[in-house]
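# Coordinate analysis (summary)
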Amino acid sequence: MITPPHTVFSEAAAMTSSAHLSIHNVSKVFPGKRDWFSRITHRASIDYIALDQINLDIEPNTFVSIIGPSGCGKSTLLNIIAGLSQPTTGAVTIAGLPIAGPGSDRGVVFQNYALMPWMTVLENIRFAIETVNPKLAVSRQKAIAQEYIELVGLQGAERKHPHELSGGMKQRVGIARALATNPQILLMDEPFGALDALTRGFLQDEVERIWEQQRKTVILITHSIEEALLLSDKIVMMTRGPEANIARILDVPFPRPRHRETLDQHPAYHELKAEMEAHLSQETRAVEESRIRRPVKA
Amino acid sequence: MTNHILQPALSRPKPFTLSTNQKAILLFLAILIVTLVFWETGARLELFSPLMPSASETFKDFWFWVSDPFFDYGPNDKGIGLLLLTSLRRVLIGFTIGAAIAIPLGILIGLSDVASRAVDPFIQILKPVSPLAWLPLGLGLLKNSESTALFVIAITSIWPTLINTKFGVSNVDQSYLDVARTLGASRWRTLTKVILPAAAPYIVSGLRISIGIAWLVIVAAEILVGGAGIGYFVWNEWNNLKITSIITAIIVIGIVGLLLDRVFGLLQHWVAFGQRL
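Residues numbered from 1 in each chain as written. Chains lettered and ligands numbered in written order. Predicted model: local features only at pLDDT ≥ 70, side-chain atom pairs only at ≥ 80, totals over all residues.

### A few points about the overall build of chain B
Scanning chain B from terminus to terminus reveals 10 helices and 0 strands. Its C-alpha radius of gyration of 24 Å places chain B more than 25% over the 19 Å reference for a compact globule of 277 residues. With respect to the three principal axes, the spread of C-alpha positions in chain B is 75 × 75 × 30 Å. Of the contacts made within chain B by residues no fewer than 6 positions apart, 69% connect residues no fewer than 24 positions apart. (Helix = DSSP H or I, 4+ residues; strand = E, 2+ residues; numbered from the N terminus. Rg over C-alpha atoms; globule rule 2.2 N^0.38 Å. Contact = placed C-beta atoms within 7 Å.)

What follows is the structure, encoded as structure tokens:
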């Protein structure tokens, strides 16, 4: 099945920038076990097609959210863009060049923060800067790290270790670390998924504030409709897995800077929200029903 | 570190309430006193073997050894502190040799699946062997009791450190490795800045087990090779039928073992940074 490429246009659609990200026919198949030993022990499984021919173009400096039912391969897609996982077919290109593995042009914010416990806040950020730019003077590295610590509002916590921080503070370090290497594209994999609702709302506001200061291409994986509506220019809704694909792409026309308190006063807010809810509940129901019906083993 | 600030849940103070710690100390003292009284009366009433000294005699002898630990009146008449230093020196040298082999080898087999599978049969077969079985081999090869003691301690120290290092290196949290990969870190930088610090708590816990076993083994090794040290002292005093000295040695060996364990416990806490093992 070949789907026509979906295109996301930003206000500067005509402008061709170096950060143009393009996903061409990306599929991901996790091979099943079919060797004789697995068959004898009844452990054989069929190939699992996680992603089927995904096509997506993302214009520079756009905030794109990817939302879909659980198990739809959102994280798999993000890992492919990050270069941590190889697509089975297809390719991801940045400015027309196919990516060959991970690179510092893409910063990643992880769901579980992934801060090194033995490094302080400053050292965690400086580790990223030094890895990408080893020739930079240490004093300059520290100055840049300090700048990003201030950007995420963590001044005073420079010498703390991650176990002394709350989840929200840890993720702010994660965001500072991802931004400190000045990537063209920021990839966020459910960055607020492990946080409580109040902290999550606070960090969403922080991301909105930071994005107003440093406009970059951002790809955000999320489960939250409100989060997607607050932060995104475009929302990519995915179908359920296996063989997940892009169902629809929504434009989010709200003016910036946005505020969570006044966002729902925009005339399009409730319509967009209802559409997303309808899509997600339909897909989630289908996922639940298929789990009941389909046997796990081949 | 957390501060235990105990605040009474009720404003009305209850009479005679003891904390868990206070209760434990009282029970500890009770057990100690009952044991000592049983020992003392049993020895006085000659309930035990005639060799068995009373608690008070043992305490007197214990005080003799502990009050002047560093006298030296010849090869078979040294203070207990000097004997302990001899044994500790052997344990630390042997342990250092063992760690110097185990940690690099553990890192290597932790990083390489092929090397790990290739070396695993050797580890699995040699690990369960009693360290003392190596002693005659050491004597035969090295023809020297001092080197043999070090050899046995080194062999003993290898296994727990090797296995823990391998486990720590091969089980680094994937997300730390993903961070290093997304930043484009070199293999060397990933190893020194990510894998080794992440594995450090496991390596230190391996060293902690190793030094504990090395301290167990040194006494037995010194009984067999002789010459010097706290183990030789235990055997020598047995030949003199001085049970009080043997009991003194047992207590002192236990205290030193406890201190060694605590030192590595502190080191473990120091490299863990709040990670739970």
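### Things to note about the nonpolar core
If you look at soluble globular proteins, the nonpolar side chains tend to sit buried side by side. Grouped together as the largest cluster of nonpolar side chains are 122 residues, with contacts concentrated most on Ile125(A), Ile149(A), Ala176(A), Leu187(A), Ile219(A), Val152(B) and Ile153(B). Ranked by the residues each element gives to this core, the list is headed by helix H8 (residues 187-225) of chain B, at 17 residues. Excluding residues that lie within four positions of it along the chain, Leu187(A) makes contacts with Leu78(A), Ile81(A), Ala82(A), Arg106(A), Gly107(A), Val108(A) and Ile219(A). (Core = buried A, V, L, I, M, F, W, Y, C linked by C-beta atoms within 7 Å. Buried ≥ 20, exposed ≤ 12 C-beta atoms within 10 Å, placed from the backbone.)

### A look at the interface of chain A and chain B
Contacts between the two partners involve 20 residues from chain A and, on the opposite side, 16 residues from chain B. Here the element with the most residues in the side of chain A that touches chain B is helix H3 (residues 121-132) of chain A; it accounts for 4 residues. Across the side of chain A that touches chain B, the residue classes break down as 12 nonpolar, 7 polar and 1 charged. (Nonpolar A, V, L, I, M, F, W, Y, C, P; charged D, E, K, R; others polar.)

### Brief notes about the packing of helix H3 (residues 80-111) of chain B against helix H9 (residues 230-239) of chain B
Residue and element names in this part refer to chain B. Contact geometry for H3 and H9: axes closest at 7 Å, N-to-C directions at 130 degrees. Relative to H9, the element H3 is oriented oblique. Contacts from Leu83, Leu84 and Ser87 in H3 reach Ile230, Gly231 and Phe233 in H9. Class assignment of the residues belonging to the contact of H3 with H9 gives a composition of 4 nonpolar, 2 polar and no charged. (Axes fitted to C-alpha atoms, helices over the stretch in contact; angles between N-to-C directions. Parallel < 35°, antiparallel > 145°, perpendicular 65-115°, else oblique.)

### Focus: the sheet that holds strand S9 (residues 217-222) of chain A
All names here are of chain A. With respect to topology, 6 strands assemble into an open sheet ordered S7-S8-S9-S4-S10-S11, the strand pairing being mixed. Two strands bound the open sheet, and with one partner strand each, they are strand S7 (106-109) and strand S11 (246-251). When the angles between neighbouring strand axes are averaged without regard to direction, this sheet yields 15 degrees. Judged from the 5 bridges that link them, strand S10 (residues 234-238) and S11 form a sheet pairing that is antiparallel. Of the residues in S11, the one forming a bridge with Val236 is Ile249. (Pairing = 2+ DSSP bridges.)

### Description of the domain arrangement of chain A
Residue and element names in this part refer to chain A. Along its sequence, chain A is organised into domain 1 (6-105 + 183-293) and domain 2 (106-182). Between domain 1 and domain 2, the C-alpha centre-to-centre distance is 25 Å. Listing elements by their share of the side of domain 1 that touches domain 2, those giving two or more residues are helix H2 (74-82), strand S8 (185-189) and helix H6 (197-213). (Domains from an automatic or database assignment.)

### Concerning helix H5 (residues 167-180) of chain A
Residue and element names in this part refer to chain A. Its 14 residues give H5 an end-to-end C-alpha distance of 20 Å, which sits within 8% of 20 Å, the value for a rise of 1.5 Å per residue. H5 sits mainly inside the fold: 12 of its 14 residues count as buried. The complete set of buried residues in H5 reads Met169, Lys170, Gln171, Arg172, Val173, Gly174, Ile175, Ala176, Arg177, Ala178, Leu179 and Ala180. Buried-residue contacts for H5 involve S7, H3, helix H4 (138-151), S8 and H6. Taken from the residues just after H5, Asn182 is the one with a positive phi, measuring 50 degrees. (Expected span 1.5 Å × (residues − 1).)

### Thoughts on the domain arrangement of chain B
Each assigned domain of chain B is listed here: domain 1 (20-52) and domain 2 (80-272). Here the C-alpha centre of domain 2 of chain B lies 35 Å away from the C-alpha centre of domain 1 of chain B.

### Some remarks on the pairing of S8(A)
Residues and elements named next belong to chain A. Summarising burial for S8: 5 of the 5 residues are buried, a large majority. Burial along S8 is two-sided: Ile185, Leu187 and Asp189 facing one way and Leu186 and Met188 facing the other are all buried. With 4 bridges joining them, S7 and S8 adopt parallel strand pairing. Note that in S8 the partner of Val109 across the bridge is Met188. Pairing of S8 with S9, which is carried by 5 bridges, proceeds in the parallel orientation. Across the sheet, residue Leu186 finds its bridge partner in S9, namely Val218. A crossover connection joins S8 to the parallel S9 through H6; in handedness this β-α-β unit is right-handed. (Right-handed = clockwise from strand over helix to strand, strands pointing away.)

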